[in-house]
Amino acid sequence: MSDPVLELEELAVEFSVDDGVVHAVNGVSVHVDPGETLAIVGESGSGKTVAALAVMGLIPPPGRIVGGDVRLLGRALVGLREREYRKLRGADIAMIFQDPLSSLNPAFRVGDQIAEALTVHGALSKRAARQRATELLDLVGIPQPEVRARYFPHQLSGGMRQRAMIAMAIANSPKLLIADEPTTALDVTVQAQVLEVLRAAQREVDAALLLITHDLGIVAGTADRVAVMYAGRIVEDAGVDELFTTPRHPYTRALLASLPRVDAREGERLQVIPGVPPNPLALPDGCAFAPRCAFVVDACRDEVPALRAIEDGRLVRCVRVEELDGTPVGEDTPAVSWRA
Amino acid sequence: MTTPVLELDDIVMHFPARAGAFGNRGDAVVHAVDGVSLAVQPNETVALVGESGCGKSTTARVALRLLEPTAGTVRIDGQDLAQVSRRDLKQLRQRAQIVFQDPFASLDPRMRVSSIVAEPLRAQGQGSEARTRVPELLGLVGLSAEHAGRYPHEFSGGQRQRIGIARALALAPDLLVLDEPVSALDVSIRAQVLNLLTGLQDQLSLAYLFISHDLAVVRHIANRVAVMYLGKIVELGPARDVYAGAGHPYTRALLSAVPEPDPARERVRQRIVLRGDLPSAIDPPSGCRFRTRCWKAQDLCAQEEPALVDRGHGHPVACHFPE
């Protein structure tokens, strides 16, 4: 087996704020193999985006990496100087953000921005880079690429801008693509197109893809493997089919059961996860999901359970995983009984 | 037959096109809503679905008379809002209330929850009832009386949405217009709020006009669905029929694009990929507005606008060549 493209080992990221310390990422270990698509899913505040930014060396202050390692193709990235990191970004790793308007420079033509990415990292002449930029725009399905290359970002629709971002991201054939909620800002019909383009672009340059999303529908259609995050920790790491058919962590099970589905029966009530995610300033001592878990026992509150392999090879962070089966469950609480 | 709680009759809403940096664009208008007719019956949920720019939120605002329509009639409980006196309009407005998408922007950060929920009562001169009504309303939405003294920032997104719903219920309306009420919420919280809405509807016999871009959410809550595209309703029918046997190509494309949390099905599914972008609402296509992106379009589609009528689906579809 080949070595992973990306490895996170016990990564920990904290933000010191006025009210205390936010433990955004709390010991995350995960790897992405060559050509593989790993989805990290979680809700707001689960730490998925912070983990991705840590890989890019882009943790904004007051955040800082307080423990663990990030390795890209075996090379340790934590503590790398900014100058070194710059050589990596856009070359070996490239990131696609949720909002392409804020990541494309509004003052430069789209084609020139892609060409710049090529000349900064590559040995291409300006002219060859322009030519390649047009080819890349064509590759991501932008019609009339020679014309659109001369457009400014605001002249493109949201879907077209995201395609241009993808073109720029694959310009230097990175080993790893990171896409953070790449289609969240888009309409559903456009989202389907952009995901298709992203998959094709990934195949074209044979990159691994780290997909950060809250949308389990997108995960099902895109990922090979899924890591579910809750309160800064991975609670389950499994192949996409295993995760969706037999989720094993109580949070994964409850999350899947709470999803609205287009093939639902009319008036079908959704299963509910009671309560709210924990305050990241004051995480519970034991399992962070314990206060909302339908299967909680005393042992859950004593210490944080380890993320450990179970019989089918997947990783689950739950002390009771062996005794619980893998059906999606939640709690069908009557609406008025919910307490804050 | 019962009187609908809300009736929209041939609503047209045009906005003057925004002036550009180098002067205005003459008499150009944005055709945000163009001839929408829709009725919501008591205790019924009608969903208005469509993508950005289709006019669904504008329609919702016209329904509440937050916008004065360019043409068309809005009736609440059978009464034409344009015909009634100012005083009656105030009365009628109590019957229909709105819940907004963003639970952070729609609550005044400087007001305590008690004042937020009591505000509609005060506006209608019923402030003296606040003392008894506020705890009742908070209880209805699953909050407790001790939350009344707190400020919005002390609550999570889901709890804030509950506060917004309590405020909308203060005047005991017949109809709630819900404008993307769960779109800003996390998955685990979304189900709580959706179930709350379903429960409240049963308990209080409410009618809902539910505005959403999320077809999975709509499937769970709607009795009937109206699909909008570029200012017009293209299909309108019972949710079950529209989801199982959509007649309009746009509805088909929309349904085929929804990602499902099922890897096996995602692998084999055939998506209908629409070509091109949404045309400008300043200069919408002639005939059928969807024709520029439709794989079935023929000459007729450019010449003649298809009427929204039953074409053998058991519900109306605005297409010359329906599925």
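Criteria and thresholds
Residues numbered from 1 in each chain as written. Chains lettered and ligands numbered in written order. Predicted model: local features only at pLDDT ≥ 70, side-chain atom pairs only at ≥ 80, totals over all residues. Axes fitted to C-alpha atoms, helices over the stretch in contact; angles between N-to-C directions. Helix = DSSP H or I, 4+ residues; strand = E, 2+ residues; numbered from the N terminus. Parallel < 35°, antiparallel > 145°, perpendicular 65-115°, else oblique. Contact = placed C-beta atoms within 7 Å. Nonpolar A, V, L, I, M, F, W, Y, C, P; charged D, E, K, R; others polar. Domains from an automatic or database assignment. Pairing = 2+ DSSP bridges. pLDDT = per-residue confidence, 0-100. Core = buried A, V, L, I, M, F, W, Y, C linked by C-beta atoms within 7 Å. Buried ≥ 20, exposed ≤ 12 C-beta atoms within 10 Å, placed from the backbone.

### A look at the packing of helix H7 (residues 158–169) of chain A against helix H8 (residues 188–205) of chain A
Axis angle and axis distance: for two packed helices, these are the angle between their axes and the distance between the axes, and together they describe the pair. All names here are of chain A. One way to put it is that H7 packs onto H8 with a least axis distance of 10 Å and a crossing angle of 10°. Overall, the two elements H7 and H8 adopt an arrangement that is roughly parallel. Counting all contacts with H7, which are made through Gly158, Gly159, Gln162, Arg163 and Ile166, the residues of H8 involved are Val190, Gln193, Val194, Val197, Leu198 and Ala201. Grouping the constituent residues of the contact of H7 with H8 by class yields six nonpolar, four polar and one charged.

### Topic: the domain arrangement of chain A
Residue and element names in this part refer to chain A. For chain A, the domain assignment lists domain 1 (6–223) and domain 2 (228–260 + 271–316). One C-alpha centre belongs to domain 1, the other to domain 2, and the line joining them spans 27 Å. At the level of elements, strand E2 (20–32), strand E3 (37–41) and helix H9 (216–222) are the ones that each hand at least two residues to the side of domain 1 that touches domain 2. Element by element, the count of residues in the side of domain 1 that touches domain 2 is highest for E2, at nine residues.

### Observations concerning the sheet that holds strand E10 (residues 233–239) of chain A
Residue and element names in this part refer to chain A. The sheet built from eight strands is open, its strands ordered E6-E7-E8-E3-E9-E10-E12-E11 with mixed pairing. Each edge of the open sheet is held by one strand with a lone partner, namely strand E6 (93–96) and strand E11 (308–309). With two bridges joining them, E11 and strand E12 (residues 315–316) adopt antiparallel strand pairing. For Arg308, the partnering residue across the bridge sits in E12 and is Val316. Docked against the sheet, helix H1 (residues 48–56) engages E3, E6, strand E7 (176–180), strand E8 (208–213) and strand E9 (225–230), running at close to 145° with respect to E7. Against the sheet, H7 makes contact with E6 and E7, and its axis sits at roughly 175° relative to E6, the strand it touches most.

### Remarks on the confidence of the model for chain B
Residues and elements named next belong to chain B. Chain-level pLDDT for chain B is 92 on average; 97% of the residues reach the 70-or-more range. Averaged pLDDT values over the elements of chain B bottom out at 87 in helix H2 (residues 86–93) and peak at 98 in strand E9 (residues 224–229). In the model output, the complex is listed with pTM 0.90 alongside ipTM 0.87.

### A closer look at the interface of chain A and chain B
Contacts between the two partners involve 41 residues from chain A and, on the opposite side, 48 residues from chain B. Put simply, the parts of the chain that give the side of chain A that touches chain B at least two residues each are H8, H9, helix H10 (240–245) and helix H11 (250–257) of chain A. In the side of chain A that touches chain B, the residues fall into 22 nonpolar, 10 polar and nine charged.

### With respect to the environment of Arg133 of chain B
All names here are of chain B. With respect to the helices, strands and loops of the structure, Arg133 is situated in helix H4 (residues 130–140). Between the alpha carbons of Arg133 and Val117 there is a distance of 9.0 Å; along the sequence they are 16 residues apart. With sequence-adjacent residues up to four places away left out, Arg133 is seen in contact with Leu121 and Ala170.

### A few points about the sheet that holds strand E5 (residues 75–76) of chain A
Residues and elements named next belong to chain A. Taken in spatial order, the four strands line up as E2-E1-E4-E5 in an open sheet, and their pairing is antiparallel. Because the sheet does not close on itself, it has two edges, and the strands there are E2 and E5. Sheet topology note: the strand E1 (residues 6–17)/E2 ladder contains 10 bridges and is antiparallel. By the bridge assignment, Leu6 is partnered in E2 with Val32.

### Points about the nonpolar core
Counting 203 residues, the largest nonpolar core has Leu210 of chain A together with Leu209 of chain B as its most contacted members. Residue contributions to this core reach at least three from each of two domains, namely domain 1 (6–223) and domain 2 (228–260 + 271–316) of chain A. When neighbours within four sequence positions are excluded, Leu210 of chain A is seen to be in contact with Leu6, Val32, Leu38, Ile40, Ala52, Leu176 and Ile178 of chain A.

### Some points on the pairing of strand E4 (residues 63–72) of chain A
Residues and elements named next belong to chain A. Alignment of E1 against E4, held across eight bridges, turns out to be antiparallel. Its bridge partner lying in E4, Leu6 is registered against Leu72. The pairing of E4 with E5 spans two bridges and is classified as antiparallel. Bridge pairing in E5 links Leu72 to Arg75.

### Examining the confidence of the model for chain A
Residues and elements named next belong to chain A. The pLDDT averaged across chain A works out to 90; a share of 95% of its residues lies at or above 70. By mean pLDDT, the top-scoring element of chain A is E3 (98), and the lowest-scoring one is helix H3 (residues 100–103) (78). Below a pLDDT of 50 lies the segment residues 332–340, which in the model reaches 24 contacts outside its immediate sequence neighbourhood of four places, other chains included.

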